[in-house]
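# Breakdown of the fold
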Amino acid sequence: MIRNGHGAAVGAEQPGPGGRPAVRVWCDGCYDMVHYGHSNQLRQARAMGDYLIVGVHTDDDITLTVDGRDTYEEVKRAGRYRECKRTQGVSTTDLVGRMLLVTKAHHSSQEMSSEYREYADSFGKCPGGRNPWTGVSQFLQTSQKIIQFASGKEPQPGETVIYVAGAFDLFHIGHVDFLEKVHGLAERPYIIAGLHFDQEVNRYKGKNYPIMNLHERTLSVLACRYVSEVVIGAPYAVTAELLDHFKVDVVCHGKTEIVPDRDGSDPYQEPKRRGIFCQVDSGSDLTTDLIVQRIITNRLEYEARNQKKEAKELAFLEAMRRQEPQPERGSDTPF
């Protein structure tokens, strides 16, 4: 899914620069409801070496072992432990809260509601307080974030420019399966994904969709190895101007319903007229609606799990704090 490493054969390990042995990097986590924060972690981990192996563990959190020790204690002693910088402004906790509260506060142009503020301050909060990993924080889009994920490549002669459009909300394996199928339509594909504005998605999806706002969805889609470019705030109707501007050869849509435009017209009318429209079956039945329904159905279980996880993380942070060298009394260091 992640852009780094695209083109390498599955399971193939290439030697490092200068023929040296490849540096193998191990990175693990639960990766529940994968978002661009996870993608950024894996991007950073991949940059630390030549070959990345990702471990996905069970629903038990791995901050501490069963006997209360740091899970990474052994590799830390060996001097082989590195940390990736956390991506501020995104967490599974935050995304789940948006689903449960049916709030639109996360949309680009809306202020955070008092209800959502209360959630951000209290959801899943254990009696001992809040830790920096599980809590809710504010997402701030920057050009640097986009550059880190973007391929930066223009379409080359001989490449087939394929345009797809949609919400791509809570970017999940169903989306990846679809984009993989689209990628396989041409020998040298250049896929452009058009992301609709939040207000447009809310028009045809309703409720509090999209769960992720436009900027968050942009990073999620850019992280996908099959996508070469993203149109941020694409028009709902695929117009002649858009097709000509990007020199689009093929326009693809999944098997989901095509909702008419505001005036009742078919948003794919122009590519159909040109004979370049096709529908692609991803073969996956996972949808954003299904993910949201799972969360709503298992709300109490999730809240209890989140509280337990946070309590253990706080205990771990406190244990680490106690292990830090303390200043001696009588020195120049204040205490």
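An account of the accompanying structure is given in this report. Model, not experiment: these values are computed from the prediction. (Residues numbered from 1 in each chain as written. Predicted model: local features only at pLDDT ≥ 70, side-chain atom pairs only at ≥ 80, totals over all residues. Heavy atoms only, no water.)

### What about the overall build of the protein?
Each helix and strand in the protein was counted, giving twelve helices and seven strands. Here the contacts in the protein between residues at least 6 apart in sequence split such that 76% fall between residues at least 24 apart. Here the protein has roughly 18900 Å² of accessible surface; of this, 51% comes from carbon and sulfur atoms. (Helix = DSSP H or I, 4+ residues; strand = E, 2+ residues; numbered from the N terminus. Contact = heavy atoms within 4.5 Å. Areas by Shrake-Rupley, 256 points an atom, 1.4 Å probe, with all protein chains shown as cover.)

### Notes on the sheet that holds strand E6 (residues 250-253)
Taken in spatial order, the five strands line up as E5-E4-E3-E6-E7 in an open sheet, and their pairing is parallel. In the strand order of this sheet, the two ends are held by strand E5 (229-232) and strand E7 (277-279), each with one partner. For this sheet the average axis-to-axis angle between neighbouring strands, irrespective of direction, equals 25 degrees. (Pairing = 2+ DSSP bridges. Axes fitted to C-alpha atoms, helices over the stretch in contact; angles between N-to-C directions.)

### Examining the pattern of salt bridges
Summed over all chains, the structure comprises ten salt bridges. A salt bridge links Asp50 to Arg20, with the shortest nitrogen-to-oxygen separation between them at 2.7 Å. On the criterion of sequence distance, the pair formed by Asp50 in the loop between helix H1 (36-47) and strand E2 (51-56) and Arg20 in the segment before strand E1 (24-29) is long-range, its members being 30 residues apart. The partly exposed category is assigned to Arg20, whose relative accessible area is 33%. Of the charged contacts, one joins Arg262 and Glu200 as a salt bridge, the two residues approaching to 3.6 Å between their closest N and O atoms. With Arg262 in the loop between E6 and helix H10 (269-274) and Glu200 in helix H7 (residues 198-205), this pair connects stretches of sequence that are 62 residues apart. Classification of Glu200 as buried rests on a relative accessible area of 15%. (Salt bridge = Lys/Arg side-chain N within 4 Å of Asp/Glu carboxyl O. Buried < 20%, exposed > 50% of the residue type's maximum accessible area, 1.4 Å probe, protein only.)

### Thoughts on helix H3 (residues 92-101)
Most of H3 sits out of view: ten of its ten residues are buried. Taken together, the buried positions of H3 are Thr92, Thr93, Asp94, Leu95, Val96, Gly97, Arg98, Met99, Leu100 and Leu101.

### Considerations on unusual backbone geometry
Negative phi is the rule for most residues except glycine; trans is the rule for most peptide bonds. In this model, Tyr209 is joined to Pro210 through a cis peptide bond whose omega is 0 degrees. The topology assignment puts Pro210 in the loop between H7 and helix H8 (214-222). Within the chain, Phe168 stands out as a residue other than glycine whose phi angle is a positive 50 degrees. Relative accessible area serves as the criterion here: at 6%, Phe168 is assigned to the buried category.

### Some remarks on the side chain of Arg217
By the element assignment, Arg217 lies in helix H8. Within the local environment of Arg217, its side chain forms a polar contact with the side chain of Asp198, the two groups lying 2.8 Å apart. Discounting chain neighbours no more than four positions away, the residues touching Arg217 are Gly166, Ala167, Phe168, Asp169, Leu195, His196, Phe197, Asp198, Val201, Pro210 and Met212. (Polar contact = N/O pair within 3.5 Å; in protein donor to acceptor, adjacent residues only side chain to side chain.)

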